Amino acid sequence: MNIAQLLKAKGRAVTTARPNVKMLDIITSLATKRIGAILIVGEKGGLAGIISERDVIQALAKSGEGIFEDTVSEHMTRDVVTCQESTTIDEMMELMTQGRFRHVPVIEDGALVGIISIGDVVKNH
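Residues numbered from 1 in each chain as written. Predicted model: local features only at pLDDT ≥ 70, side-chain atom pairs only at ≥ 80, totals over all residues. Heavy atoms only, no water.

**Here's the deal with the sheet that holds strand S2 (residues 37–41)**
We apply this condition: Should DSSP find at least two bridges between two strands, the strands are regarded as paired. Helix and strand labels come from DSSP, where a helix needs a run of H or I of at least four residues and a strand needs a run of E of at least two; each type is numbered from the N terminus. Residue contacts are defined here by distance: any two heavy atoms, one from each residue, within 4.5 Å place the two residues in contact. Whenever a helix is involved, its axis is fitted only over the stretch in contact; in every case the axis is a line through C-alpha atoms, and angles between N-to-C directions fall within 0 to 180 degrees.
Taken in spatial order, the three strands make up an open sheet running S1-S2-S3, and their pairing is mixed. Each having just a single partner strand, strand S1 (16–17) and strand S3 (47–52) make up the two edges of the open sheet. Across two bridges, S1 lies against S2 in parallel orientation. Following the sheet pairing, Ala17 is matched in S2 by Ile40. Contacts from helix H2 (residues 23–33) reach S1, S2 and S3, with the element oriented near 135° to S2.

In C-alpha cells, the structure reads:
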C-alpha cells in the first residue's frame, strides 16, 4: 500500500494556518479539532513549516506563557520532512521512526495534497 491509497481512504483534508497567526489561536485549533499538527503555509500556498503539539510544549518549556501572543512562525518547525503519494507505508514507517515525528505532509508536483499521521500508518499497516 502507498500513501495515495491511504489518502483515498482517509481523505485529503489538511488544517493550515498562516505564519502570522498567534500561538494561542494555534493551540486552540489543535485542541478543538483534536489534531496533533497544523501545516503553516505562505501567501502563495507553499509549505512554510509545521507546528505540532511537541513544538508547543517545547516553546512553553523554553519561554513560558509569553508564547501565547507570539506568532506561529517563531516556534514552528521550518525544515519539514515530506513524502509523495508514491511513498509506501513501510517507507513512511521508517521515515517517521528515524525522524521521531508523527506527522508528514504529502506533496505532489509542488502542491500540498494531504497529511499522514502515525495513527494513519499504524491503522493501515
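What follows continues from the structure just given.
**Structural notes on the pairing of S2**
To be explicit about the condition: Burial classes: relative accessible area under 20% of the type maximum marks a residue as buried, over 50% as exposed, and values in between as partly exposed (1.4 Å probe, protein chains only). Seen with its strands pointing away from the viewer, a crossover is right-handed if its path from the first strand over the helix to the second goes clockwise.
Among the five residues in S2, five count as buried, and that is most of the element. Note on the crossover from S1 through H2 to S2: the handedness is right-handed. Relative to S3, S2 is paired through five bridges, and the arrangement is antiparallel. The partner of Ala37 across the bridge, within S3, is Ser52. The turn joining S2 and S3, which pair antiparallel and follow one another in sequence, is formed by five residues; a positive phi near 90° is taken by Gly45.

**Some remarks on the environment of Arg54**
As for its position among the elements, Arg54 is in helix H3 (residues 53–63). Classification of Arg54 by relative accessible area gives partly exposed; the value is 39%. On a C-alpha basis, the gap between Arg54 and Gly36 in space is 8.5 Å, while along the polypeptide they are 18 residues apart. Residues within four places of Arg54 in sequence aside, it is in contact with Arg100, Phe101 and Arg102.

**Overview of unusual backbone geometry**
Positive phi, close to 55°, is recorded for Arg34, a residue that is not glycine. Mapped onto the fold, Arg34 is located in the loop between H2 and S2. Residue classification places Arg34 among the exposed positions, given a relative accessible area of 76%. Despite not being glycine, Asp109 shows a phi value in the positive range, around 55°. Along the chain, the position of Asp109 falls in the loop between strand S4 (103–108) and strand S5 (111–117).

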